[in-house]
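The residues making up each chain are set out below.
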Amino acid sequence: MNKQVVEYASGNEMAAIAIKQIGYDLMGYYPITPSTQIAENLDIMRANGETDMVMVAAEGEHSAAGICYGASVAGGRVINATSANGLLYAIEQFPVQSGTRYPMVMNVVCRTVSGPLSIKGDHSDIMFILNAGWPILFASTVQQVYDFNIIALKLAEQVRLPVVVAYDGFFTSHQKGRCLRFEDDEVVRNYIGPKVEEYPFLDLEHPITVGSYMNEPDIINNRYQLHLAMEKVNELLPELFASYGELSGRNYGKVEGTGCEDAESLLVLLGSSYDTSIDAVSEMRAEGQKVGAATLHVLRPFPGKELAELIGESANILVADRQDSYGAGGGNLSLEVRAALQKSGSSSKVKSLIYGLGGKDFFKEDAKTMLKWAADETKPDFDYYGITPGEENKAEGQPLFEPVTAERTNIGATKVELGESLKVTGGTLNAVTAMPGRIAPGHGACPGCGIPVNLNLLLRGIEDPVVFLFQTGCGMIVTTAYPRTSFKVPYLHNLFQNGAATLSGVAEICYRKQQKGEIPPGDIIFVMVSGDGGMDIGMGSALGTALRGHRLLIFEYDNGGYMNTGYQLSYSTPLGARSSTSHVGKEQYGKTFFNKDMPQIMAATGIPYVATVAESNPTDFIKKAAKAAHYAKTTGTAYVKAISACPLNWNDKPATERRVIEAAVNSCYFPLYEVEQGVTKLSYDPEKTGKKIPVLDWLSMMGRTKHLQKEAYGDVVERMQVEIDRRFAELKKRAE
């Protein structure tokens, strides 16, 4: 054995350590809880010069998977990490990678698939990839996360297939444990060995084509080769487990069990629950009960033979699934265990329970109950475990709020003459105080959060009834924690990447129903609220909606990062800003590229109205909201972007946020303007008022960018100032 050192670390931390020691060439990734910590830890290592791996923050998981595929085709050693709907968003890329036989490793930190939205751990995501042609290793412990990441790459390159290492979100991923890792990185690299490319893609003297168009019989032959590769995985895994055991002293098999040799009742489950079941089995066996438990370290290829040999003599088996294959009478694990036992000729009676969905805790007493359930003839063969009855709604049929009336507040936008800009009447702060509230008091936002402020200012300028769609983000999470809601108006949630398209469907059906007389006529403003990076992964959907010209309003609160997942860099994060995926260290100064100019991107689609707003200029904000609402109900898509404070991650004080926002405007980092019917108009020019300040004055007000005051980062600030001045000069030219 080689020298190892102790780490007290979480599964995500151990995955990052293994990835660093392996010496990967590239990681393509997109932040999603609970897998994000892997990229965060690697970025710290990169900033400190511990790894030179290229890290590409994609604008969504689909692109991240594409980046990884391209890098692996080009001959790089490639790693990815994702969870839940991120896995589903990228899923069409996975058969492409396995079908063309390019190795890589992807950590899947298992989490509940939406909807409804839940970020907690279960196995509903990993089961979607069973048919993608990727071998899947499943780690039950933090130690196994480290070990399986090393084994996975060696396996991937020997069979030329991409490999998944899966483990439980928040249980294994975040809980720390005592682990061992190799002291010397070279031990890991020598074990894996050099990468061998049989057909190098970048060999320009011997060019190859990857991913040809195929019909029968070629495609079935391709799939047969994939089947043979998976059979090879089956043969190789025992050898790899054995060789790694010699290297580390930790021996693994495809399956593992306790008390299986004479168990009359036996529990089969995946992941971290197995450790809990070991304690239950130990106590019950001490009382003379013949019980056992088993788990799988490999999901694909499914170790049916090995599992049947381990548990096939048990009279009563209960398979516990953290996922349901709805309508099949059990989750995927249950179905495959039943098939394996039937194939082996076992006479065991098998029952299935769905448990632990959405991260519901699994305790020792739960394992004991399940072991008793297995042999209890009065218990059903299939059921859900741990569900609770709901409470009867005593106020059913009664309105939850006083209805929002059509009270007039003298605000509105009307066109004076053809070709002229809209004229807004009213819109002063005093005039809009009578506007009925569409958001109820109470939410879970951090003190000083700009989201509620910006939403309320937006709604002050919209007199018509409103229908909201919120993309995933802080704005959604802090306002709709079940069973409470902060909204007095119809509200819908969909994921980051598809909000605008979803709302366009809502709007079109509403207009159709009004035309058919199925619902009352009248103006309704459909508003999509996005932020926390939602205009990165969701930009394609927003642009498509804008180009089609659906009558709705897209409102973006720009807080400069993926705040709801712990502040990773987004494409709107300022250059040089510190985030959990753009650390500051001797080899890195924060985010390395400029913030995205989303208003100009939206303006380029030709939509009738684009505007930027800030809480520091509230009257301007309200009047632009009125204009946007008018265009959204009469003409086409409107887009409004607000700079939105986030004291927690900007690392400043809630009481100072209005001044910080004002400084962003006065530095021209966030200029206030509108593009109405293609005509650009500056709403506020800090140069003319003598209030223009250097961008460093604004950056110095926030902890995330305070380091840029140091002389060592002078060139970064200079680049940023030059770019801000260029953008503002271009804006003034258009306005003139």
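Criteria and thresholds
- Residues numbered from 1 in each chain as written.
- Predicted model: local features only at pLDDT ≥ 70, side-chain atom pairs only at ≥ 80, totals over all residues.
- Heavy atoms only, no water.
- Helix = DSSP H or I, 4+ residues; strand = E, 2+ residues; numbered from the N terminus.
- Rg over C-alpha atoms; globule rule 2.2 N^0.38 Å.
- Buried < 20%, exposed > 50% of the residue type's maximum accessible area, 1.4 Å probe, protein only.
- Contact = heavy atoms within 4.5 Å.
- Lys, Arg positive; Asp, Glu negative; His and termini not counted.
- Charge placed at Lys NZ, Arg CZ, Asp CG, Glu CD.
- Core = buried A, V, L, I, M, F, W, Y, C linked by side-chain atoms within 4.5 Å.
- Pairing = 2+ DSSP bridges.
- Axes fitted to C-alpha atoms, helices over the stretch in contact; angles between N-to-C directions.
- Expected span 1.5 Å × (residues − 1).
- Patch = residues over 30% accessible without salt bridge, like charges linked within 9 Å, V, L, I, M, F, W, Y side chains within 5 Å.
- Areas by Shrake-Rupley, 256 points an atom, 1.4 Å probe, with all protein chains shown as cover.
- Salt bridge = Lys/Arg side-chain N within 4 Å of Asp/Glu carboxyl O.
- Phe/Tyr/Trp six-rings, centres within 6.5 Å; stacked < 30°, edge-to-face > 60°.
- Parallel < 35°, antiparallel > 145°, perpendicular 65-115°, else oblique.
- Left-handed = near helix turned anticlockwise from the far one by under 90°.
- Nonpolar A, V, L, I, M, F, W, Y, C, P; charged D, E, K, R; others polar.
- Disulfide = S-S within 2.5 Å.

Draft legend 1. A look at the overall build of the protein chain. Scanning the protein chain from terminus to terminus reveals 24 helices and 27 strands. Its C-alpha atoms give the protein chain a radius of gyration of 29 Å, within 12% of the compact-globule value 27 Å for 736 residues. Reported as C-alpha extents along the three principal axes, the dimensions of the protein chain are approximately 85 × 70 × 55 Å. By residue count, 58% of the 736 residues in the protein chain fall in the buried class. Partitioning the intrachain contacts of the protein chain with sequence separation of at least 6 by distance along the chain shows that 76% fall at a separation of at least 24. Taking the average location of the 70 positive side-chain charges in the protein chain and that of its 85 negative ones, the two points are 5 Å from each other.

Draft legend 2. Spotlight on the nonpolar core. Residues F468, V527, L553, F555, M602, W650 and W698 are the most contacted members of the largest nonpolar core, which totals 97 residues. Examining the composition of this core, we find that eight residues originate from one element, helix 19 (residues 618–634), more than from any other. By size, the runner-up hydrophobic cluster in this structure holds 58 residues, among which are M55, V145, C179 and V233.

Draft legend 3. Representation of unusual backbone geometry within the structure. Geometrically, the link from S114 to G115 is a cis peptide bond, its omega value of 10 degrees lying close to zero. Among the secondary structure elements, G115 is positioned in the loop between strand 5 (105–110) and strand 6 (136–138). The residue after G115, namely P116, is reached through a cis peptide bond having omega -5 degrees. Note that P116 resides in the loop between strand 5 and strand 6. Positive phi, normally seen in glycine, also occurs at Y567, with a value near 60 degrees. You can see Y567 is positioned in the loop between strand 21 (553–558) and strand 22 (584–585). Residue Q677 is not a glycine yet carries a positive backbone phi of 50 degrees.

Draft legend 4. Structural context of the sheet that holds strand 7 (residues 163–168). With mixed pairing, the seven strands of this open sheet are ordered in space as 3-2-4-5-7-6-12. Each edge of the open sheet is held by one strand with a lone partner, namely strand 3 (54–57) and strand 12 (298–300). Across the sheet, the mean angle from the axis of one strand to that of its neighbour is 20 degrees, orientation sign disregarded. With three bridges joining them, strand 6 and strand 7 adopt parallel strand pairing. Paired with L137 across the strands is V165, a residue of strand 7. The strands touched by helix 6 (residues 142–159) within the sheet are strand 4 (78–82), strand 5, strand 6 and strand 7, with strand 7 carrying the most contacts at an inclination of about 165 degrees.

Draft legend 5. Layout of helix 15 (residues 499–515). For helix 15, which comprises 17 residues, the first-to-last C-alpha distance of 25 Å matches the rise-based estimate of 24 Å (1.5 Å per residue) to within 8%. Where helix 15 is concerned, the buried positions are G499, A500, T502, L503, S504, A507, C510, Y511 and Q514. In this structure, the buried residues of helix 15 make contact with strand 18 (466–471), strand 19 (491–494), strand 20 (525–531), helix 17 (539–548), strand 21 and helix 19. Directly after helix 15, the chain includes G517, whose backbone phi takes a positive value near 75 degrees.

Draft legend 6. A nonpolar patch on the surface, seen in detail. On the surface, M214, I219 and I220 cluster together to form a nonpolar patch covering roughly 250 Å² of accessible area. Looking at the secondary structure, you find I219 in helix 8 (residues 218–248).

Draft legend 7. Molecular detail of the sheet that holds strand 15 (residues 382–384). Ordered in space as 9-11-10-13-14-15, the six strands form an open sheet in which the pairing is mixed. Single-partner strands in this sheet number two, and they are strand 9 (255–258) and strand 15. Neighbour-to-neighbour, the strand axes of this sheet turn through a mean angle of 20 degrees, independent of strand direction. Packed onto the sheet, helix 11 (residues 332–344) meets strand 10 (265–268), strand 11 (291–296), strand 13 (316–321) and strand 14 (349–354) and runs at close to 150 degrees relative to strand 13.

Draft legend 8. Examining helix 21 (residues 657–666) more closely. Most of helix 21 is tucked away, with seven of its ten residues classed as buried. For helix 21, every residue scored as buried is listed here: E657, V660, I661, A663, A664, V665 and N666. Looking at the buried positions of helix 21, the neighbouring elements they touch are strand 25 (638–643), helix 20 (647–650), helix 22 (686–689) and helix 23 (695–699). Just beyond helix 21, the residue with positive phi is C668, at close to 70 degrees.

Draft legend 9. Spotlight on the pattern of salt bridges. Counted by the stated rule, this structure contains 29 salt bridges. For K368, the salt bridge goes to E283, with nearest N and O atoms at 2.6 Å. One end of the pair, K368, is in helix 12 (residues 364–375); the other, E283, is in helix 9 (residues 273–286), with 85 residues separating them in the sequence. By relative accessible area, which is 11% here, K368 ends up buried. What makes E283 partly exposed here is its relative accessible area of 31%. Note that E676 is salt-bridged to K627, the shortest N-O span being 3.0 Å.

Draft legend 10. Up close: the packing of aromatic side chains. Tallying each qualifying case throughout the model produces 21 aromatic pairs. Plain terms: the ring middles of Y30 and Y562 are 5.1 Å apart, the flat faces sit at 65 degrees to each other, and that makes the pair edge-to-face. Of the two residues, Y30 is situated in the loop between strand 2 (26–29) and helix 2 (36–47) and Y562 in the loop between strand 21 and strand 22; the sequence distance between them amounts to 532 residues. Between the aromatic rings of F182 and Y244, the centroid separation amounts to 6.2 Å while the plane-to-plane angle is 85 degrees, which identifies the pairing as edge-to-face. A residue pair is termed long-range when its members are at least 10 positions apart, and F182 in strand 8 (residues 177–182) and Y244 in helix 8 qualify at 62 residues. Exposure remark for Y244: the relative accessible area of 0% places this residue in the buried category.

Draft legend 11. Region of the structure containing the environment of A18. Among the secondary structure elements, A18 is positioned in helix 1 (residues 11–22). Setting aside chain neighbours within four positions, we find A18 in contact with Y146, N149 and I150.

Draft legend 12. View of the packing of helix 1 against helix 2. Orientation of helix 1 relative to helix 2, taken along the N-to-C sense of each, is 50 degrees, at an axis distance of 8 Å. Relative to helix 2, the element helix 1 lies oblique. The way helix 1 lies across helix 2 gives a crossing that is right-handed. Every residue of helix 2 that contacts helix 1 at N12, E13, A15, A16, I17, I19 and K20 is listed here: Q37, I38, N41, L42 and M45.

Draft legend 13. The packing of helix 6 against helix 7 (residues 185–192), seen in detail. Running from amino to carboxyl end, helix 6 crosses helix 7 at an angle of 35 degrees, the nearest separation of the two axes being 9 Å. Note on element contacts: helix 7 touches helix 6 through V188, Y191 and I192, opposite Y146, I150, I151, L153, K154 and E157. For the contact of helix 6 with helix 7, a count of residues per class yields seven nonpolar, no polar and two charged.

Draft legend 14. Representation of the state of the cysteines in the model. Summed over all chains, the structure comprises zero disulfides. Summary of cysteine pairing: C110 is not part of a disulfide, and the nearest cysteine sulfur, belonging to C68, is at 18 Å.

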